[in-house]
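Listed below, chain by chain, are the residues.
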Amino acid sequence: MPTKAVTDASFERDVLEADQPVLVDFWADWCGPCKMIAPALEELSDELAGRVTIAKMDIMENTQTPGKLGVRGIPYLVLYRNGEPVAEMQGARPKGQLKSWLESQL
């Protein structure tokens, strides 16, 4: 299952009202570390399908939500469960670390 693009307009429906946990990757096209973790997040989206949805929000195209949430640096990963943020990670990590961290939060 590929990562899901989330927008300011769809954030409430796709993330806050989701039936399962959602990991949101706040990113931008100009961000090198964001591009480095993108393939790992795509793979984890497949590997953890049914347990978590991995979503991506481009902060340059969607400024309202990151502004409200106080996103200061990217990549910034936030895990939401039942509409609430329950874990966060700032910066790029290797796939193994991303997977271990995410699985420990599910």
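Analysis parameters
Residues numbered from 1 in each chain as written. Predicted model: local features only at pLDDT ≥ 70, side-chain atom pairs only at ≥ 80, totals over all residues. Heavy atoms only, no water. Buried < 20%, exposed > 50% of the residue type's maximum accessible area, 1.4 Å probe, protein only. Helix = DSSP H or I, 4+ residues; strand = E, 2+ residues; numbered from the N terminus. Pairing = 2+ DSSP bridges. Axes fitted to C-alpha atoms, helices over the stretch in contact; angles between N-to-C directions. Parallel < 35°, antiparallel > 145°, perpendicular 65-115°, else oblique. Left-handed = near helix turned anticlockwise from the far one by under 90°. Contact = heavy atoms within 4.5 Å.

1. Things to note about the pairing of strand β2 (residues 22-27)
- With six of six residues buried, β2 is to be regarded as a mostly interior element.
- A two-sided burial pattern is seen for β2, the buried positions comprising V22, V24 and F26 on one face and L23, D25 and W27 on the other.
- Relative to strand β3 (residues 53-58), β2 runs parallel, the two sharing six bridges. What sits directly across from F26, in β3, is M57.

2. Focus: the pairing of strand β4 (residues 76-81)
- Of all six residues making up β4, five are buried, and the element is well covered by its neighbours.
- Where β4 lies against strand β5 (residues 84-90), six bridges are found, and the strand directions are antiparallel. Looking at the pairing, L79 lines up with A87 of β5.
- The loop that links β4 with its antiparallel partner β5 comprises two residues; one of these, N82, has a positive phi angle of about 55°.

3. Let's talk about the packing of helix α2 (residues 32-47) against helix α4 (residues 95-105)
- The N-to-C vectors of α2 and α4 enclose an angle of 45°; their axes lie 10 Å apart at closest approach. In terms of their interaxial angle, α2 and α4 are classed as oblique. For α2 against α4, the interelement crossing comes out right-handed. Contact residues: α2 offers I37, A40, L41, E43, L44 and E47, while α4 offers K95, L98 and K99.

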